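Structural features, examined
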Amino acid sequence: MGSIEEVANLVEHGRSKKVPAAVQAALDDGIDANDILQKGMIDTMGIVGEKFKNNEIFVPEMLVAAKAMKAGVEVLKPYLATGAAGKLGKVIIATVAGDLHDIGKNLVAMMIESAGFTVIDLGVDVQIDKIIEAVNENPDTKIVALSALLTTTMPSLRDTVAALNGAPFRSNIKIMVGGAPITQEFAEEIGADGYSEDAASAAELAKKLVGVA
Ligand code: B1M
């Protein structure tokens, strides 16, 4: 019998090898993929983060939990993806310089892709020059999507958006930002075109920014 509790327990304790089978068992028992993602994985990472903050666990435990979640997301992917990829244009996505967190960014990339965009994922800790270069190499880019997960990398997000705002191609692209410490207010303050709180609303926002929603 599969259950969300089992997935959550395995993710929390970083049991990467066991997570895929537990996710599959939950799916086979008819549990909704979005519930497995939210309650079994995203909420669990919240618990992991709290334990880290309280010095109950340390960076290695956070890292193995992240790896376990990634292994689970791989199984969920086909159940979460819906649309035909590519039709709505190109999105360049990155986690900003200094920031190594990629789970949220990967989920956003997956949802945007399944909404119908082609996603170019530049990865984590991406320097400003690399993002500018990627847009120059892909002049048909519609959106640059930037993720920041640390309060200490919010200035990096600000600098990246400022650089994009000063680039000659600015009028051809939209900039969207997100990540746990980011707010609508901060997004507006740094001159981004849009902010969204989670991966599902990021896909909606992307469509809105290109005028199809
Ligand atoms: Co780090 N970490 N971490 N960490 N980590 C947090 C973020 C933290 C909140 C934990 C805590 O203290 N409670 C804390 C930040 C505190 C702060 O900023 N004030 C923290 C810290 C302190 C650190 C280090 C500094 C620890 C250290 O070394 N002492 C260090 C920094 C490294 C660096 O980046 N330079 C560090 C390292 C790591 C690991 C590498 C070990 C690992 C990341 C592995 C990986 O990503 N491959 C890790 C992890 C796993 C976490 C927690 C536990 C989980 C993050 C996560 O994946 N969440 C995290 C605690 C937490 O989040 N509660 C924590 C699940 C994910 C689905 O959520 O990323 O928020 P999230 O994405 C969401 C939304 O934010 C949004 O949609 C996503 C899906 O719904 N979203 C967007 C994200 N990007 C978006 C873009 C958009 C729109 C929406 O548009 C473009």
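Here goes a summary of the coordinates provided.

Cut-off values and rules
Residues numbered from 1 in each chain as written. Predicted model: local features only at pLDDT ≥ 70, side-chain atom pairs only at ≥ 80, totals over all residues. Heavy atoms only, no water. Helix = DSSP H or I, 4+ residues; strand = E, 2+ residues; numbered from the N terminus. Polar contact = N/O pair within 3.5 Å; in protein donor to acceptor, adjacent residues only side chain to side chain. Contact = heavy atoms within 4.5 Å. Pairing = 2+ DSSP bridges. Axes fitted to C-alpha atoms, helices over the stretch in contact; angles between N-to-C directions. Salt bridge = Lys/Arg side-chain N within 4 Å of Asp/Glu carboxyl O. Buried < 20%, exposed > 50% of the residue type's maximum accessible area, 1.4 Å probe, protein only. 1 Å grid on protein atoms, 1.4 Å probe; cavity = no way out; pocket = protein on both sides within 12 Å on 5 of 7 lines; lining within 4 Å. Points joined across faces, edges and corners; volume = space filled by probe spheres on them. Nonpolar A, V, L, I, M, F, W, Y, C, P; charged D, E, K, R; others polar. Domains from an automatic or database assignment.

Side note on the side chain of serine 196
Here serine 196 lies in the loop between strand E5 (194-195) and helix H9 (199-209). In terms of polar contacts, serine 196 uses its side chain to reach the backbone amide nitrogen of alanine 202, at 3.3 Å. Serine 196 has contacts with Val177, Gly178, Ser201, Ala202 and Leu205, leaving out every residue within four places of it along the chain.

Digging into the sheet that holds strand E3 (residues 141-147)
Two modes of strand pairing occur in sheets, parallel and antiparallel, and in both the strands are linked by backbone hydrogen bonds. Read across the open sheet, the 5 strands follow the order E2-E1-E3-E4-E5; overall the sheet is parallel. Unpaired on one side and paired on the other, strand E2 (118-121) and E5 mark the two borders of the sheet. As paired elements, strand E1 (residues 90-95) and E2 share 4 bridges and run parallel to each other. Paired with isoleucine 92 across the two strands is isoleucine 120, which belongs to E2. Each of E1 and E3 touches helix H6 (residues 128-137); the most contacted strand, E3, lies at about 160 degrees to it.

What about the pattern of salt bridges?
Side chains carrying opposite charge are able to pair once their charged atoms draw close together. What the rule picks out here adds up to 10 salt bridges. As a salt-bridge pair, lysine 39 and aspartate 35 come within 3.8 Å of each other at their nearest N and O atoms. In this pair, lysine 39 and aspartate 35 both sit in helix H3 (residues 33-53), 4 residues apart, roughly one turn of the helix. Residue classification places lysine 39 among the partly exposed residues on the basis of a relative accessible area of 44%. Since its relative accessible area comes to 29%, aspartate 35 is described here as partly exposed. The residue aspartate 193 makes a salt bridge to arginine 170 at a minimum N-O spacing of 3.1 Å. Taken as a pair, aspartate 193 in the loop between helix H8 (184-190) and E5 and arginine 170 in the loop between helix H7 (154-165) and strand E4 (174-178) lie far apart in primary sequence, 23 residues in all. For arginine 170, a relative accessible area of 16% puts it in the buried group.

Quick word on the layout of surface pockets
Empty space within the largest pocket amounts to approximately 1600 Å³. As for the largest pocket, its lining consists of 49 residues, of which His101, Ile103, Gly104, Leu149 and Ala180 are closest to the centre. Of all the elements in the fold, those that place two or more residues in the lining of the largest pocket are H3, helix H4 (59-80), helix H5 (103-114), E3, E4 and H9. Ranked by residues supplied to the lining of the largest pocket, first place goes to H3 with 12 residues. Counted by class, the lining of the largest pocket contains 29 nonpolar, 11 polar and 9 charged residues. Around the second largest pocket sit 13 residues that line it, and Glu74, Lys77, Asn106, Leu107 and Met110 are the ones nearest its centre. Those elements that provide at least two residues to the lining of the second largest pocket are H4, H5 and E2. Class assignment of the residues belonging to the lining of the second largest pocket gives a composition of 7 nonpolar, 1 polar and 5 charged. Here the lining of the second largest pocket gathers at least three residues from each of two domains, domain 1 (4-82) and domain 2 (88-209).

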